[in-house]
Amino acid sequence: MGEQLPSVPGRAQLHSDTLNRPVQTLRVKMVLLGSSGVGKSSLALRFVKNEFRSTSPTIGCAYLTRVVHLSNVSLRFEIWDTAGQEKFHSVTPLYYRGAHAVLLVYDISKRKTFVRAQLWLRELEKHYIPGSTVIWLVGNKEDLAQNRQVSVQEGERLASDRGLFFMETSALSGDQISELLLAVAHRVYECLGTQQGGLSEWEEYPFIDLHHRDTSNPFSSCCKVGP
Amino acid sequence: GMDEEAQTAHVSWDKATLAPVDRLRSDRADSPTPGLVEGTEPGAAVQKSAMFVHAQSFEDLTAEAEKATGKEENPDESGECAEELQVLVGEKNIEEQHNRDGSPQGRTKEEDVSSETWRSHRKHVFVLSEAGKPIYTRYGTEEALSSTMGVMMALVSFVEADKNIIRSVHADGCKVVFLAKSPLVLVGVTQTCQSEKELLRELHYIYYQIVSLLTLTQLNHIFQHKQNYDLRRLLAGSEYLTDNLLHRLERDPGLLLSAVTCLPLANSARDVVSSSLQAAKAKNLVFSILLAGDRLVTLVRKKDQFLHHIDLHLVFNLVGSSSSFREGEGWTPICLPKFNTAGFFHAHISYLEPASELCLILVSTDREDFFNMSDCKQRFLERLSKRSAYQALKEALKCPSYSMEQVGIPELRHFLYKSKSSGLYTSPEFPFVYQSDEEQERLMGLYQELHSHLHYPTRPLRFYYRCGETENLLAWVTNGFELYLCFSPLSTKALAVSAVNKLLKWIRKEEDRLFILCPLTY
Ligand SMILES: Nc1nc2c(ncn2[C@@H]2O[C@H](COP(=O)(O)OP(=O)(O)OP(=O)(O)O)[C@@H](O)[C@H]2O)c(=O)[nH]1
Ligand SMILES: [Mg+2]
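Because the structure is a prediction, the values reported are computed rather than measured.

Quick notes on the overall build of chain B
The helix and strand tally for chain B stands at 17 helices and 19 strands. At a minimum sequence separation of 6, the contacts of chain B that also span at least 24 residues come to 65%. Of the roughly 21,100 Å² of accessible surface on chain B, a fraction of 53% belongs to carbon and sulfur atoms.

See the structure below:
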């Protein structure tokens, strides 16, 4: 069954934007992977709401969405924020299967999370088909540079050795967050957007006949399609 | 009038006859002894369809559950499962360190285990493996306690070797209770007057808490492969769930009564919410649960599938202990151990609005069901908003409880009332005299004592009255309900008895707001 998360604000925004509304919205499945506590959920919250607040460790995974407008297309990021805790590792492959983009996150102030990211990479490489997934190595908590345990060069080297993209971010300060999302958007569209069977189109009203929506929806504030 | 009623009641109490309550009979309770026969008491469901399992034994259930979780539907699952376990059990090149401080709810466990503070905690709980490896301690760190746990395990094996299962040790004003649930051993140590049975009940909860995270199958598999396995690796970051559950055990009457409580809500509004949930069904959806904080708004279940109150409390604990479901939609495997210790369900967990207390939990048997569940939620919301029940629900959230003033029985300070057939209970806010945490916990302790008396294994009492310095207590159990009351110490037994009658009348009058009278199935 097709998924649907119709959002009133998202829709309203798209409508008010009719003039420069892009022709097409494509769905992008993006998965966040990495050790517990590296800041995956914090990055996801930045992507979706541009907020930062302390949250509990993720249980299972969380699904969030955010639309990114490029000049000639809109990408609807469907973000799977997975749990880093070891007891959930057995279910994680469920989430990254079929992902168009993977953010492999580590904490620059904790070396073991960098090592752990390499294990994830090995797992990923077993499953993914080259050319169908864009993988980004993300060194988060760049604001903790004074406690840095992984140098920028190391991150860059690993990325170039394994054909990944690389960026350092801070979910706390917001540094490089929108840059990262935009870079992923461009890269994904470049690699997969025009490819046959690459990205599927998102239909705004997949169930229009079944679900007549009323404009005074009291749940408008719970919708997740971002700005 | 009231006085006359009190008289009648007083006479009848000692024999515990059912006469006074007869007056409470309402049109729907036409049994000869209404209120006292299971299914006609205030709060009992109108139809004979309880939401919870309570009559069947656990063993009956687990046998059934094999079928229920759709084992046959995924014939390849066992193979896949073994592979997943391999990943879990196999040594990793890198041992991930337990990232305690990483979590916002990081525990302050760095307590010296040889200190007086550590010793003086009222209740300790330890979990260890059968090999004697520490898995969990409520206070201090497991590492620091490994020798203590070793001693405990030695004690357990020593007695077991002798074909006696060790149950408890009493020494020095301390009670030590053991629960051996292979592959785990749980130990409770208390300095309170809590009965052995109550402590054992709490240890069972902790056991189920751990099983709900991993499944018993996985636990067994792990320890069969590697007797010395350090389970803390898999439980890392989940200790707070056990901590919180222990806290709830001290404070939440629901865990004591084996029951849950509801958000007070007009019958008509609740029916709309329930039927909207009922309509938003899907093939593999087993339970739809709407919570308002720790209160149940409604629960819709698949026909013939019952939820056990312990499983529901574990879900409450999971949702209530974590802010992780606040953003987006959560999707997590969860084992409901009273339903099936062997497998995972998959729960879609999300709040209706970001700052709302209303949390929707959709439990499916299919791990690929995320988008189906998400669609169910959407359909539920649409129905709800169309029928404007959402506004009523939001209004109800403003008063999630009620005060004793509203009940209007001056001599009565507080009470717990459980309808046995529905598995639901109701209780007012704590009154002014029990405002502090200590006082509330003390009162809960008193209720626990009463509960022990009523459920004493060999000689259960049906009625119990006790005068104390700080309060008078009364407990009464019938086939239909359990009632625990707390009176001012100046109150008399006669007053207490009349208060019970008034209270039962009040509950009957309010039952369609306080209970779920029409539970639905898909
Ligand atoms: N200094 C700093 N702290 C951060 C940053 N990002 C996240 N944190 C903090 O790191 C902790 C963990 O962040 P989460 O986002 O919950 O980590 P996670 O990767 O989602 O963890 P799991 O859900 O358990 O896998 C929290 O206390 C955050 O506040 C950052 O960029 N800088
Ligand atoms: Mg997270």
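Considering the coordination of the magnesium ion (ligand 2)
Geometry sets the ideal angles at a metal, namely 109.5 degrees for four tetrahedral donors and 90 or 180 degrees for six octahedral donors. Summarising the metal site, the magnesium ion (ligand 2) is bound by the protein donors A:Ser41 (OG) and A:Thr58 (OG1), whose distances to it range over 2.0 Å. Placement of A:Ser41 in helix α2 (residues 40-49) and of A:Thr58 in the loop between α2 and β2 (61-69) is noted, with a sequence separation of 17 residues between them.

Here we look at the environment of B:Lys509
All names here are of chain B. Counting through the fold element by element, lysine 509 comes out in helix α17 (residues 493-514). In this structure the C-alpha to C-alpha distance between lysine 509 and glycine 43, which are 466 residues apart in sequence, comes to 10.0 Å. At a separation of 3.3 Å, a polar atom in the side chain of lysine 509 contacts the side chain of glutamate 510.

Some remarks on the packing of helix α11 (residues 267-279) of chain B against helix α14 (residues 389-398) of chain B
Residue and element names in this part refer to chain B. In contact at an axis separation of 9 Å, α11 and α14 are set at 120° when each is read in the N-to-C sense. It follows from the interaxial angle that α11 and α14 lie oblique. You can see that α11 and α14 cross each other, and the crossing is left-handed. Between α11, through Ala269, Val272 and Val273, and α14, the contact on the second element is made entirely by Ala389, Ala392 and Leu393. Counted by class, the contact of α11 with α14 contains six nonpolar, no polar and no charged residues.

A closer look at the packing of helix α6 (residues 196-214) of chain B against helix α16 (residues 437-454) of chain B
All names here are of chain B. The contact between α6 and α16 brings their axes to 9 Å, and the two run at 105°. It follows from the interaxial angle that α6 and α16 lie roughly perpendicular. Contacts from Glu198, Arg201 and Glu202 of α6 reach α16 at Gln448, His451 and Ser452.

Comments concerning the side chain of B:Arg301
Mapping B:Arg301 onto the fold places it in strand β9 (residues 295-301). Of note is the side chain of B:Arg301, whose polar atom sits 3.3 Å from the backbone oxygen of B:Gln305.

Thoughts on the UniProt feature "domain: FUZ/MON1/HPS1 third Longin" (unreviewed entry) in chain B
Taken from the UniProt record, the annotation "domain: FUZ/MON1/HPS1 third Longin" (unreviewed entry) applies to residues 411-511 of chain B. Taken end to end, residues 411-511 of chain B is 37% helix and 29% strand, and its two terminal C-alpha atoms sit 22 Å from one another.

Considerations on the sheet that holds strand β1 (residues 25-33) of chain A
Each strand in a sheet pairs with another by means of backbone hydrogen bonds, the pair being arranged parallel or else antiparallel. With mixed pairing, the twelve strands of this open sheet are ordered in space as β6(A)-β5(A)-β4(A)-β1(A)-β3(A)-β2(A)-β11(B)-β12(B)-β13(B)-β8(B)-β9(B)-β19(B). At either margin of the open sheet sits one strand with a lone partner, and together these are β6 (165-168) of chain A together with β19 (520-521) of chain B. Pairing between strand β5 (residues 134-140) of chain A and β6(A): four bridges, direction parallel. Paired with A:Trp136 across the strands is A:Phe165, a residue of β6(A). Sitting on the sheet, α2(A) is in contact with β1, β2, β3 (74-82), β4 (101-107) and β5 of chain A, with an inclination near 155° to β3(A).

Thoughts on the pattern of salt bridges
Summed over all chains, the structure comprises 31 salt bridges over all chains. With a shortest N-O distance of 2.9 Å, A:Glu86 and B:Arg233 are connected by a salt bridge. Highlighted residues: A:Glu86 in the loop between β3 and α3 (92-96) and B:Arg233 in helix α8 (residues 232-235), drawn from two different chains. Classification of A:Glu86 as buried rests on a relative accessible area of 7%. Between B:Glu353 and B:Lys394 there is a salt bridge, and its shortest N-O distance comes to 3.4 Å. One end of the pair, B:Glu353, is in the loop between β12 (345-351) and β13 (358-364); the other, B:Lys394, is in helix α14, with 41 residues separating them in the sequence.

Some thoughts on the sheet that holds strand β18 (residues 481-487) of chain B
Residue and element names in this part refer to chain B. Taking strand neighbours across the sheet as the criterion, the six strands line up as β7-β15-β14-β18-β17-β16 in an open arrangement whose pairing is mixed. A single partner strand is all that each edge strand has here, and the edge strands are β7 (260-261) and β16 (463-467). Pairing of β7 with strand β15 (residues 424-426), which is carried by two bridges, proceeds in the parallel orientation. Counted as the bridge partner of threonine 261 is tyrosine 425 from β15. α17 rests against β14 (412-419), β15, β16, β17 (472-477) and β18 of the sheet, and its axis sits at about 125° to β18.

A word on the confidence of the model for chain B
Residue and element names in this part refer to chain B. Mean pLDDT over chain B works out to 79, with 74% of the residues at or above the 70 mark. Low pLDDT (under 50) marks residues 1-34, which in the prediction has 52 contacts with non-local residues, meaning those over four places away or in another chain. For residues 54-106, every residue scores under 50 in pLDDT, and the model assigns this stretch 81 contacts once sequence neighbours within four places are set aside. The ipTM assigned to the predicted complex is 0.82, against a pTM of 0.82.

A short note on the site of ligand 1
All names here are of chain A. The full set close to ligand 1 counts 22 residues, and Ser36, Lys40, Ser42, Gly84 and Asp143 are the nearest of them. A distance of 3.2 Å separates a nitrogen atom of ligand 1 from a polar atom in the side chain of asparagine 140. Here ligand 1 has 650 Å² of accessible area as a free molecule, and 91% of this is covered by the chains.

Overview of the confidence of the model for chain A
For chain A, per-residue confidence averages 81 on the pLDDT scale, and residues scoring 70 or more make up 79% of the total. Confidence drops under pLDDT 50 across residues 206-227 of chain A; counting only partners more than four residues distant or on other chains, this segment forms 60 contacts.

Here is what the cut-offs are and how they apply
- Residues numbered from 1 in each chain as written.
- Chains lettered and ligands numbered in written order.
- Predicted model: local features only at pLDDT ≥ 70, side-chain atom pairs only at ≥ 80, totals over all residues.
- Heavy atoms only, no water.
- Helix = DSSP H or I, 4+ residues; strand = E, 2+ residues; numbered from the N terminus.
- Contact = heavy atoms within 4.5 Å.
- Areas by Shrake-Rupley, 256 points an atom, 1.4 Å probe, with all protein chains shown as cover.
- Donors = N, O, S within 2.8 Å, 3.2 Å for Na, K, Ca; no water.
- Polar contact = N/O pair within 3.5 Å; in protein donor to acceptor, adjacent residues only side chain to side chain.
- Axes fitted to C-alpha atoms, helices over the stretch in contact; angles between N-to-C directions.
- Parallel < 35°, antiparallel > 145°, perpendicular 65-115°, else oblique.
- Left-handed = near helix turned anticlockwise from the far one by under 90°.
- Nonpolar A, V, L, I, M, F, W, Y, C, P; charged D, E, K, R; others polar.
- UniProt positions renumbered as here; feature names shortened; annotations may be inferred.
- Pairing = 2+ DSSP bridges.
- Salt bridge = Lys/Arg side-chain N within 4 Å of Asp/Glu carboxyl O.
- Buried < 20%, exposed > 50% of the residue type's maximum accessible area, 1.4 Å probe, protein only.
- pLDDT = per-residue confidence, 0-100.
- Near = heavy atom within 4 Å.

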